[in-house]
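Spelled out, the chains give:
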Amino acid sequence: VRTPQEYAAGHIGWAINIDYSSPDFKSNIEKLAKDNVYIIYCLSGVRSAAASKFMVGDGFLHINNMTGGFSAWVAAGLPVKK
């Protein structure tokens with residue numbers, strides 16, 4: 001749920017990006033299968049918490065908010081794709 005600029009600067013390799021601040025956020029989320037498992041992350045965890053709450057309220061069954069966001073991922077030395 002990061003901005004396109006944040007995503008381009010670095011992201012988790014398997015991630016798809018749907019910008020939480022985009023006016024198209026809700027319509028883009030609606031295209032996803034509600035029974036898949038999703039890990040939601042932003043830079044620090046604030047936007048992803050809000051996006052996760054929205055998705056759960058919209059009927060998504062398996063939503064996991066990544067605590068600490070991408071910053072925590074990088075701090076743990078995990079792989080990043082640019």
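Residues numbered from 1 in each chain as written. Predicted model: local features only at pLDDT ≥ 70, side-chain atom pairs only at ≥ 80, totals over all residues. Heavy atoms only, no water.

Some remarks on the side chain of Arg 2
We apply this condition: A helix here means a DSSP run of H or I that spans at least four residues, while a strand means a run of E at least two residues long, and both kinds are numbered starting from the N terminus. Partly exposed describes any residue whose relative accessible area lies between the buried limit of under 20% and the exposed limit of over 50%, with all areas from a 1.4 Å probe on protein chains only and scaled to the type maximum. Counted charges follow a simple rule, with Lys and Arg positive, Asp and Glu negative, and His plus the chain ends left uncounted. Counted as salt bridges are all cases of a side-chain nitrogen of Lys or Arg within 4 Å of a carboxyl oxygen of Asp or Glu. What qualifies as a polar contact is a pair of N or O atoms within 3.5 Å, subject to a donor-acceptor requirement within protein and to the restriction that residues adjacent in sequence count only when both atoms come from side chains. Note on contacts: a residue pair qualifies if any of its non-hydrogen atoms lie within 4.5 Å across the two residues.
The residue Arg 2 is located in the segment before α1 (4–9) in this model. Although Arg 2 is buried, it forms no salt bridge, and the closest oppositely charged side chain is Glu 6 at an N-O distance of 4.2 Å. In terms of polar contacts, Arg 2 uses its side chain to reach the backbone carbonyl oxygen of Glu 6, at 3.4 Å. In terms of polar contacts, Arg 2 uses its side chain to reach the backbone carbonyl oxygen of Gly 10, at 2.6 Å. Here Arg 2 is in contact with Tyr 7, Gly 10, His 11, Asn 17, Ile 18, Asp 19, Tyr 41, Cys 42, Leu 43, Arg 47 and Phe 70, once residues within four sequence places are set aside.

Re the nonpolar core
In summary, soluble globular proteins display a tendency toward joint burial of nonpolar side chains. Our working rule: For our purposes a nonpolar core is just a set of buried Ala, Val, Leu, Ile, Met, Phe, Trp, Tyr and Cys residues, chained together by side-chain atoms within 4.5 Å.
Counting twelve residues, the largest nonpolar core is built from Val 1, Ile 18, Phe 25, Ile 29, Leu 32, Tyr 38, Ile 40, Cys 42, Ala 51, Met 55, Phe 60 and Ile 63. At the level of elements, α2 (25–29), β1 (37–40) and α3 (46–57) are the ones that each hand at least two residues to this core. Once residues lying within four places of it in the same chain are set aside, the contact partners of Val 1 are Asn 17, Ile 18, Asp 19, Tyr 20, Phe 25, Ile 40, Tyr 41, Cys 42, Arg 47, Ser 48 and Ala 51. Membership of the second largest hydrophobic core comes to six residues, among which are Ile 12, Tyr 41, Met 66 and Phe 70.

Focus on the pattern of salt bridges
Tallying each qualifying case throughout the model produces two salt bridges. One salt bridge connects Glu 6 with Arg 47, and the closest N-O pair in it is separated by 2.9 Å. Of this pair, Glu 6 sits in helix α1 while Arg 47 sits in helix α3, and the two are 41 residues apart along the sequence. On the accessibility criterion, Glu 6 (19% relative accessible area) is buried. Asp 58 is paired through a salt bridge with Lys 34; the nearest N and O atoms lie 3.6 Å apart. Of the two residues, Asp 58 sits in the loop between α3 and β2 (62–65) while Lys 34 sits in the loop between α2 and β1, which places them 24 residues apart along the sequence.

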